[in-house]
Amino acid sequence: MTDPFATAGFLGLSGALLVIGLFGILTRRNFILLLISIEIAINAAVLNFVYFAAYAPSAPIALEGQSAAVVVIALAATEIAVGLAIVLALNRVRGSINVAESSELKL
Amino acid sequence: MVFGWADLNGYAFLVPLLYVLSFVIVGLFGHRLPRAEHGGWVAVVLAGLAMVVGVLIAVGEMVNPNTWTDTQYVWLHTVGNGTGTFPHGLELIMGTLVDPISALMLIVVTVVGFLVLLYSIGYMHQDRGLARYYAELSLFLTAMTGLVLADNLLQFFLFWELVGVCSYFLIGFYYERPSAASAAKEAFIVTRVGDIMFLLGVFIYFYVFALVGPNGGWAANGFAFALGGHPFLNAPGGYGVSLLFLNAHSTILTVAGIMILGGAAGKSAQFPLHVWLPDAMEGPTTVSALIHAATMVAAGVYLLAVTSIFIGFTPTDSLAIVAIGGFTTFFAATMAVVQPDIKRVIAYSTISQLGYMVLAVGAGFAMVGLYHLFTHAFFKALLFLAAGAVIHAVGSQDLFKMGGLGKSMRFTSIAFLIGALSLSGIPPFAGFWSKDDVLSQVYGTLGTHPAYWPFFLLALAAVFLTAYYIFRAWFLAFSGDHPRDPNLPHAHDPPWTMRVPLLVLSGFAIVAGVLPYLPAFGKLFDLGADVPPPPFGFSDALVSVVSFGLALAGFLTAYVLWSNGRVYALPERSPAQPVRQLLLHRYYFKAGFDALGLRGIYLLSRIADWVDQYVIDGTIRGLERAFGGLSGRARRMQSGMVLDYATFVVGGLLALLLFVLIVGPYVLHLWGG
């Protein structure tokens with residue numbers, strides 16, 4: 001019953017979002033842009049949850065997909081909160097939020 | 001009779017027990033007694049009691065001929081669980097087996113032991129450490145009587161080791177002297193080579209007879225000897241070992257026999273393990289007389305005799321035993337010919353005479369070998385004790401310093417002469433009868449065993465050498481007018497404690513050969529039909545005449561060269577000079593063994609050290625270094641850069657996807673999944 005063209009469109013959109021996010025993660029040096037890229041990649045997954053929940057065979061299963069999407073959004077929000085806190089701390093310590101300049105995580 | 005003779009046999013343990021008592025008393029309290037030789041008297045009295053018990057047991061065996069009394073005490077008992085090698089468990093026993101041969105050995109050990117202890121009172125009175133001396137001699141006698149009374153091979157081996165360690169203690173009695181300490185060590189190590197072989201032999205016998213044998217004769221009985229003296233290797237024996245079974249195991253039984261021969265050769269100083277006995281003369285002369293002439297060195301012969309009586313040897317073993325014995329008689333006698341040391345002459349003579357016994361046992365006449373052991377114990381102990389009296393009097397062992405002692409030490413010179421006559425086999429002295437039996441019995445086997453010929457001839461040639469070297473020693477020490485070394489102290493005959501043993505042993509050296517002609521005493525040599533007794537008598541007149549002629553020739557040669565204080569010096573340019581050097585250097589055997597130890601074993605150790613350092617340690621160090629390097633490289637991946645980690649995450653994800661979506665299905669497809 002699913003519209004194959006609509007499915008392809010949604011999956012293409014979410015795949016594109018993931019690739020854009022990953023590209024941003026691998027190329028951005030600015031910590032804030034890095035966090036935004038992560039958000040984009042996460043939203044690719046959220047889109048998938050919501051889309052497939054619309055085609056669920058029954059209401060409880062549809063609710064499962066949608067609630068997973070809500071959980072992931074909440075998770076992303078907390079992650080961003082932690083990430084921004086790190087950005088502030090890093091800015092205070094080093095005066096820069098360029099991730100390529102800090103390697104303190106090394107042993 | 002309320003208490004019969006046979007009842008006494010159950011109390012045979014008293015003999016070693018009395019010696020243990022002496023060992024404990026003298027060993028613990030000997031140094032607290034008012035005078036040092038009091039400990040000696042304790043040992044003498046207890047040894048006297050032991051001698052009484054021992055001789056009574058022997059008399060019992062004469063009264064009830066061929067009685068076998070086995071008194072067993074369980075030493076160790078394992079409980080079996082119904083399966084496995086020993087379904088009913090294994091019992092190890094300590095026991096006393098009184099039979100004619102152990103009675104015979106008891107006479108030898110207890111009588112000579114008592115006489116030597118008595119003699120020690122006079123001989124050792126100037127020495128320090130007397131409590132140690134008497135305690136160790138008592139311990140030795142414990143072990144030796146325990147050995148002759150042993151009723152199983154395991155107990156035999158235990159006491160065998162115990163006499164070995166006592167020998168070690170007593171050779172090293174003068175431990176301040178480096179030569180004595182080294183001689184003790186040499187004796188211990190060389191006999192140890194034989195002991196290991198002995199133990200291996202016992203294991204092989206146990207394997208063959210108990211573990212794979214047809215009816216588990218030994219498994220039920222520990223290592224016990226068969227009562228009645230049926231050899232295991234004789235088909236109609238008490239254990240019913242079939243000929244088929246023997247043929248199937250003949251190789252391993254031959255190996256076992258060779259191992260037993262090795263043990264006996266170590267203890268009885270047979271070629272090539274003979275080197276330790278001459279050096280063992282570093283101990284007190286009394287020790288040489290008791291341990292290294294009469295008893296312990298005879299234990300090897302006793303082991304061979306017991307093995308041939310209870311287990312039996314294969315034909316190959318017999319030939320090997322005959323070869324070792326026959327060769328040793330001649331080999332050792334040649335070295336005695338040039339010795340300047342009175343004790344070493346007698347020591348080589350002991351090796352040579354033990355060779356005769358080994359020869360007889362190998363040729364299948366265990367009782368003839370024990371007959372010679374019996375007579376030899378007395379006349380050789382006599383020779384040693386007489387030599388001890390000389391050494392005691394003049395303070396030197398060098399024959400070339402002595403001379404003319406016959407005048408000042410008439411008693412000793414006659415005692416030594418009796419020993420010498422007996423040793424060289426001049427009738428009617430004891431040595432003649434037993435040596436004659438050995439030679440004639442071996443001669444009788446030559447028809448069926450032509451391979452024995454060379455060894456018989458060597459043994460015959462040794463008769464000449466024996467008479468020559470012992471009379472050379474006698475003439476050098478006792479004939480002439482005065483000592484060759486003017487600094488020698490004026491000699492005198494020994495005190496009564498030393499004379500009595502000499503007197504008694506002289507008596508034995510004269511009559512011991514004909515004692516078995518008494519019907520009662522002869523019972524000690526009668527073990528029934530399986531073991532032929534000595535013939536006692538001129539069983540082969542030709543051999544008797546030839547051996548007597550050779551002995552006489554040896555005596556005459558010695559008389560011509562050495563009598564009346566003459567000293568025969570081999571001319572410098574004589575072609576025999578290299579031979580003399582070879583003999584003086586003992587065929588370079590000791591030097592060879594030393595070289596083997598210092599070079600061969602040292603080289604081996606260095607190779608082992610190299611392997612340890614570079615192969616074993618090298619492997620471990622190499623592994624350590626390789627892993628260290630690998631870790632050093634691996635830790636560089638942790639750069640601390642967030643972007644690098646992100647790359648790893650994404651790269652890992654892609655690799656996972658690649659595997660799950662493409663590689664995995666492809667491999668499954670290849671496997672036909």
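Residues numbered from 1 in each chain as written. Chains lettered and ligands numbered in written order. Predicted model: local features only at pLDDT ≥ 70, side-chain atom pairs only at ≥ 80, totals over all residues. Heavy atoms only, no water.

1. Let's talk about the overall build of chain A
Line of reasoning, step 1. Looking only at helices and strands, chain A features three helices and zero strands.
Line of reasoning, step 2. When the helices and strands of chain A are listed from N to C terminus, the series reads α-α-α.
Line of reasoning, step 3. For 107 residues, the compact-globule estimate of 2.2 N^0.38 gives 13 Å, and the C-alpha radius of gyration of chain A, at 18 Å, exceeds that figure by more than 25%.
Line of reasoning, step 4. Each principal axis of the C-alpha distribution contributes one length, and for chain A these read about 55 × 25 × 20 Å.
Line of reasoning, step 5. Buried residues in chain A amount to 24% of all 107 residues.
Line of reasoning, step 6. Long-range pairs, those at least 24 residues apart, make up 59% of the contacts in chain A between residues at least 6 apart in sequence. (Helix = DSSP H or I, 4+ residues; strand = E, 2+ residues; numbered from the N terminus. Rg over C-alpha atoms; globule rule 2.2 N^0.38 Å. Buried < 20%, exposed > 50% of the residue type's maximum accessible area, 1.4 Å probe, protein only. Contact = heavy atoms within 4.5 Å.)

2. Quick word on the overall build of chain B
Line of reasoning, step 1. For chain B, the helix and strand inventory stands at 26 helices and two strands.
Line of reasoning, step 2. Viewed in the frame of its principal axes, chain B has a C-alpha envelope of about 115 × 65 × 60 Å.
Line of reasoning, step 3. Considering only contacts in chain B between residues 6 or more positions apart, those separated by 24 or more positions represent 81%.
Line of reasoning, step 4. Taken as a whole, chain B presents about 27,500 Å² of accessible surface, with 70% of it coming from carbon and sulfur. (Areas by Shrake-Rupley, 256 points an atom, 1.4 Å probe, with all protein chains shown as cover.)

3. Observations concerning the pattern of salt bridges
Residues and elements named next belong to chain B.
Line of reasoning, step 1. The tally for this structure, following the rule as stated, stands at nine salt bridges over all chains.
Line of reasoning, step 2. The salt bridge involving Arg192 is made with Asp195; its shortest N-O contact spans 3.6 Å. Remark: Asp195 and Arg192 occur in helix α7 (residues 178–211); sequence separation between them is three residues, near one turn of the helix.
Line of reasoning, step 3. A salt bridge links Asp279 to Arg586; its shortest N-O distance comes to 3.2 Å. Of the two residues, Asp279 is situated in helix α11 (residues 276–279) and Arg586 in the loop between α24 (577–584) and α25 (589–634); the sequence distance between them amounts to 307 residues. This pair shows no difference in class: Asp279 is buried, exactly as Arg586 is. (Salt bridge = Lys/Arg side-chain N within 4 Å of Asp/Glu carboxyl O.)

4. A closer look at the interface of chain A and chain B
Line of reasoning, step 1. Between chain A and chain B, the contact holds 13 residues from the first and ten residues from the second.
Line of reasoning, step 2. Summed over both sides, the interface between chain A and chain B buries roughly 1,000 Å², with carbon and sulfur atoms accounting for 74% of that surface.
Line of reasoning, step 3. Across the chain A-chain B interface, the total number found is zero residue pairs in polar contact (both at pLDDT 80 or more).
Line of reasoning, step 4. The leading source of residues in the side of chain A that touches chain B is helix α1 (residues 4–27) of chain A, at three residues.
Line of reasoning, step 5. Within the side of chain A that touches chain B, the residues separate by chemical class into eight nonpolar, two polar and three charged. (Buried area = accessible area lost by both parts, 1.4 Å probe. Polar contact = N/O pair within 3.5 Å; in protein donor to acceptor, adjacent residues only side chain to side chain. Nonpolar A, V, L, I, M, F, W, Y, C, P; charged D, E, K, R; others polar.)

5. Describing the environment of His31 of chain B
Line of reasoning, step 1. Structurally, His31 of chain B is set in the loop between α2 (14–29) and α3 (36–63).
Line of reasoning, step 2. As a C-alpha pair, His31 of chain B and Gly129 of chain B span 98 residues in sequence and 8.4 Å in three-dimensional space.

6. Focus on the packing of helix α19 (residues 430–445) of chain B against helix α20 (residues 453–478) of chain B
Residue and element names in this part refer to chain B.
Line of reasoning, step 1. Direction vectors running N to C along α19 and α20 enclose 155°, while the axes themselves pass 10 Å from each other. Here α19 lies roughly antiparallel to α20, going by the angle between them. Like other packed secondary-structure pairs, α19 and α20 cross with a definite hand, here left-handed. Mapping the contact onto sequence places Lys435, Leu439, Val442 and Tyr443 in α19 and Trp453, Phe456, Ala459, Leu460, Val463 and Thr466 in α20.
Line of reasoning, step 2. Classifying every residue of the contact of α19 with α20 by side-chain character gives eight nonpolar, one polar and one charged. (Axes fitted to C-alpha atoms, helices over the stretch in contact; angles between N-to-C directions. Parallel < 35°, antiparallel > 145°, perpendicular 65-115°, else oblique. Left-handed = near helix turned anticlockwise from the far one by under 90°.)

7. Section: the packing of aromatic side chains
Residue and element names in this part refer to chain B.
Line of reasoning, step 1. Under the defined criterion, the tally for this structure stands at 46 aromatic pairs over all chains.
Line of reasoning, step 2. Taking 5.4 Å as the distance between ring centres and 35° as the angle between the ring planes, the aromatic pair formed by Tyr443 and Phe456 counts as tilted. Taken together, the residues span a long stretch of sequence, with Tyr443 in helix α19 and Phe456 in helix α20 at a distance of 13 residues.
Line of reasoning, step 3. A ring pair is formed by Phe471 and Phe555, whose centres lie 4.7 Å apart and whose planes are at 80°; its orientation type is edge-to-face. Residue Phe471 is located in helix α20, and its partner Phe555 is located in helix α23 (residues 541–562); the two are separated by 84 residues in the primary sequence.
Line of reasoning, step 4. The exposure class of Phe471 is buried, given its relative accessible area of 1%.
Line of reasoning, step 5. Joined through ring pairs, the aromatic side chains of Phe416, Phe471, Trp474, Phe475, Phe478, Phe555 and Tyr559 make up one cluster.
Line of reasoning, step 6. Sitting above the plane of the Trp562 ring, Arg472 keeps its charged end 5.0 Å from the centroid.
Line of reasoning, step 7. One cation-aromatic arrangement involves Arg499 over Phe411; the distance from NZ or CZ to the ring centre is 5.2 Å. (Phe/Tyr/Trp six-rings, centres within 6.5 Å; stacked < 30°, edge-to-face > 60°. Lys NZ or Arg CZ within 6 Å of the ring centre and 35° of its normal.)

8. Topic: helix α3 (residues 59–94) of chain A
Residues and elements named next belong to chain A.
Line of reasoning, step 1. With 36 residues, α3 ought to run about 52 Å at 1.5 Å a step, and its terminal C-alpha atoms sit 52 Å apart, in line with that.
Line of reasoning, step 2. Considered for burial, the residues of α3 that qualify are Ala62, Gly65, Ala69, Ala76, Ile80, Gly83, Val87 and Leu90.
Line of reasoning, step 3. Looking at the buried side of α3, the elements it contacts are α2 (31–54).
Line of reasoning, step 4. Taken from the residues just after α3, Gly95 is the one with a positive phi, measuring 75°. (Expected span 1.5 Å × (residues − 1).)

9. Regarding unusual backbone geometry
All names here are of chain B.
Line of reasoning, step 1. The omega angle of the peptide bond from Phe271 to Pro272 is 0°, so this bond is cis rather than trans.
Line of reasoning, step 2. Its place among the elements puts Pro272 in the loop between α10 (250–267) and α11.
Line of reasoning, step 3. Omega for the bond connecting Pro427 with Pro428 falls within 30 degrees of zero, at 10°, which places this linkage in the cis form.
Line of reasoning, step 4. If you trace the backbone, Pro428 turns up in the loop between α18 (410–424) and α19.
Line of reasoning, step 5. Residue Tyr587 is not a glycine yet carries a positive backbone phi of 60°.

10. Overview of the side chain of His376 of chain B
Residue and element names in this part refer to chain B.
Line of reasoning, step 1. Looking at the secondary structure, you find His376 in helix α16 (residues 366–394).
Line of reasoning, step 2. Using a relative accessible area of 1% as the deciding quantity, one classes His376 as buried.
Line of reasoning, step 3. Here His376 is in contact with Ala293, Thr350, Gln353, Met357 and Ala381, once residues within four sequence places are set aside.

11. Concerning the pairing of strand β2 (residues 91–98) of chain B
All names here are of chain B.
Line of reasoning, step 1. Burial analysis of β2 places six of its eight residues in the buried class, which makes it a mostly covered element.
Line of reasoning, step 2. Where strand β1 (residues 69–77) meets β2, eight bridges bridge the pair, whose relative direction is antiparallel. Within β2, the residue paired with Leu76 across the bridge is Leu92. (Pairing = 2+ DSSP bridges.)

12. Regarding the nonpolar core
Line of reasoning, step 1. If you look at the biggest cluster of nonpolar residues, it comprises 217 residues, and the most contacted ones within it are Leu147, Leu153, Phe156 and Phe416 of chain B.
Line of reasoning, step 2. The element that contributes the greatest number of residues to this core is α16 of chain B, accounting for 22 residues.
Line of reasoning, step 3. In terms of nonpolar packing, the next biggest core, distinct from the first, is built from eleven residues, Ile80, Val87 and Ile97 of chain A together with Leu643 of chain B among them. (Core = buried A, V, L, I, M, F, W, Y, C linked by side-chain atoms within 4.5 Å.)

13. Considering the environment of Arg580 of chain B
Line of reasoning, step 1. Along the chain, Arg580 of chain B turns up in helix α24.
Line of reasoning, step 2. The contact partners of Arg580 of chain B, leaving out residues within four places of it in the chain, are Val338 and Leu570 of chain B.

14. A short note on the packing of α19 of chain B against α23 of chain B
Residues and elements named next belong to chain B.
Line of reasoning, step 1. Where α19 meets α23, the closest approach of the two axes is 9 Å, and the angle between their N-to-C directions is 130°. For the element pair α19 / α23, the angle class is oblique. Judged by the twist between their axes, the crossing of α19 over α23 is right-handed. Seen from α19, the contacting residues are Asp436, Leu439, Ser440 and Tyr443; seen from α23, they are Leu542, Val543, Ser544 and Ser547.
Line of reasoning, step 2. For the contact of α19 with α23, a count of residues per class yields four nonpolar, three polar and one charged.

15. Observations concerning the side chain of Gln270 of chain B
Residues and elements named next belong to chain B.
Line of reasoning, step 1. Locating Gln270 in the fold gives a position in the loop between α10 and α11.
Line of reasoning, step 2. At a separation of 3.1 Å, a polar atom in the side chain of Gln270 contacts the main-chain carbonyl oxygen of Ser268.
Line of reasoning, step 3. At 3.4 Å, the side chain of Gln270 and the side chain of Thr328 are in polar contact.
Line of reasoning, step 4. Residue contacts for Gln270: discarding those within four places in its chain leaves Ala265, Ile324, Gly325, Thr328, Ile351, Leu354, Gly355 and Val358.

Everything listed is a geometric property; what it means functionally is a separate question.
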